[in-house]
Amino acid sequence: MTATLLVLNGPNINMLGTRQPELYGHETLADVEALCQRQGEARGLAIDFRQTNHEGELIDWLHQARGKVAGVVLNPAAWTHTSVAIRDAILASELPVIEVHISNVHRREAFRHHSYVSDVAVGVICGLGTHGYALAIEHFAKRMVEIA
Ligand code: DQA
């Protein structure tokens, strides 16, 4: 059976391509999804790619994924810096999560230096542009081979 990875994106990520391109580049969300699908295909993994601007929806998706997917690649966007609820949902899901940020949050405003997610994540990738998503998928693929 093909294992599934969930790739979840938080608020404003639907605006990729037009939103602050100097920080986030020119690729659109559809481009990022295509990149993730290609990386999943190369590694024999199904990719379930989603984006929402509604915090509760992201929380529901984490709850529903419990026991159903092999891992979560998560760009919580601004909720990274604000949401205890998303942190709690990650813990409740008991799923391995890799936190991804397109920009290097540590080179930006001080309020972006703190994450409610990082210490409950397997790892964090930030500042490598959208390639970070491919690297996170690659890591899950490697990890699953090691576990199997
Ligand atoms: C982001 C970084 C966050 O600080 C910001 O709020 C975002 C995007 C990133 O991918 O670089 O919306 O998560």
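Residues numbered from 1 in each chain as written. Predicted model: local features only at pLDDT ≥ 70, side-chain atom pairs only at ≥ 80, totals over all residues. Heavy atoms only, no water.

Draft legend 1. Summary view of the sheet that holds strand S2 (residues 46-51). Pairing within the open sheet is parallel, and its five strands lie in the order S2-S1-S3-S4-S5. Because the sheet does not close on itself, it has two edges, and the strands there are S2 and strand S5 (123-126). Ignoring which end each strand starts from, the neighbouring axes of this sheet average 20 degrees apart. As paired elements, strand S1 (residues 4-9) and strand S3 (residues 71-75) share five bridges and run parallel to each other. Note on S3: the bridge partner recorded for leucine 6 is valine 72. Sitting on the sheet, helix H3 (residues 55-65) touches S1, S2 and S3, and the angle it makes with S1 is about 170 degrees. (Pairing = 2+ DSSP bridges. Helix = DSSP H or I, 4+ residues; strand = E, 2+ residues; numbered from the N terminus. Axes fitted to C-alpha atoms, helices over the stretch in contact; angles between N-to-C directions. Contact = heavy atoms within 4.5 Å.)

Draft legend 2. Summary view of the site of the ligand. With respect to spatial proximity, the complete set of residues near the ligand consists of Arg19, Tyr24, Asn75, Ala77, Ala78, His81, His101, Ile102, Ser103, Val105, Arg108 and Arg112. One of the backbone N or O atoms of alanine 78 is found 3.2 Å from an oxygen atom in the ligand. Here the ligand loses 99% of its free accessible area of 330 Å² to cover by the protein chains. Its residues assigned to classes, the shell around the ligand shows five nonpolar, four polar and three charged. (Near = heavy atom within 4 Å. Polar contact = N/O pair within 3.5 Å; in protein donor to acceptor, adjacent residues only side chain to side chain. Areas by Shrake-Rupley, 256 points an atom, 1.4 Å probe, with all protein chains shown as cover. Nonpolar A, V, L, I, M, F, W, Y, C, P; charged D, E, K, R; others polar.)

Draft legend 3. Up close: the packing of aromatic side chains. Applying the stated criterion across every chain, the model contains zero aromatic pairs. Note that arginine 50 overlies the ring of tryptophan 61, its terminal NZ or CZ placed 5.1 Å from the centroid. (Phe/Tyr/Trp six-rings, centres within 6.5 Å; stacked < 30°, edge-to-face > 60°. Lys NZ or Arg CZ within 6 Å of the ring centre and 35° of its normal.)

Draft legend 4. Structural view of the pairing of S3. The buried fraction of S3 is high, at five of five residues. The pairing of S3 with strand S4 (residues 97-101) spans three bridges and is parallel. Bridging from a neighbouring strand, valine 72 pairs with valine 97 of S4. The handedness of the S3 to S4 crossover, carried by helix H4 (residues 84-93), is right-handed. (Buried < 20%, exposed > 50% of the residue type's maximum accessible area, 1.4 Å probe, protein only. Right-handed = clockwise from strand over helix to strand, strands pointing away.)

Draft legend 5. The arrangement of the nonpolar core in detail. Counting 24 residues, the largest nonpolar core has Cys36, Val73 and Tyr133 as its most contacted members. Elements with a minimum of two residues in this core: S1, helix H2 (29-42), S2, S4 and helix H5 (131-147). A total of six residues in this core trace back to one element, the largest contributor, which is H5. Each residue touching valine 73, except ones within four places of it in the same chain, is listed here: Leu6, Val7, Leu8, Ile98, Val100, Tyr133, Ala136, Ile137 and Phe140. Core analysis: the second largest hydrophobic core is formed by 19 residues, Leu58, Ala89, Ile90 and Ala121 among them. (Core = buried A, V, L, I, M, F, W, Y, C linked by side-chain atoms within 4.5 Å.)

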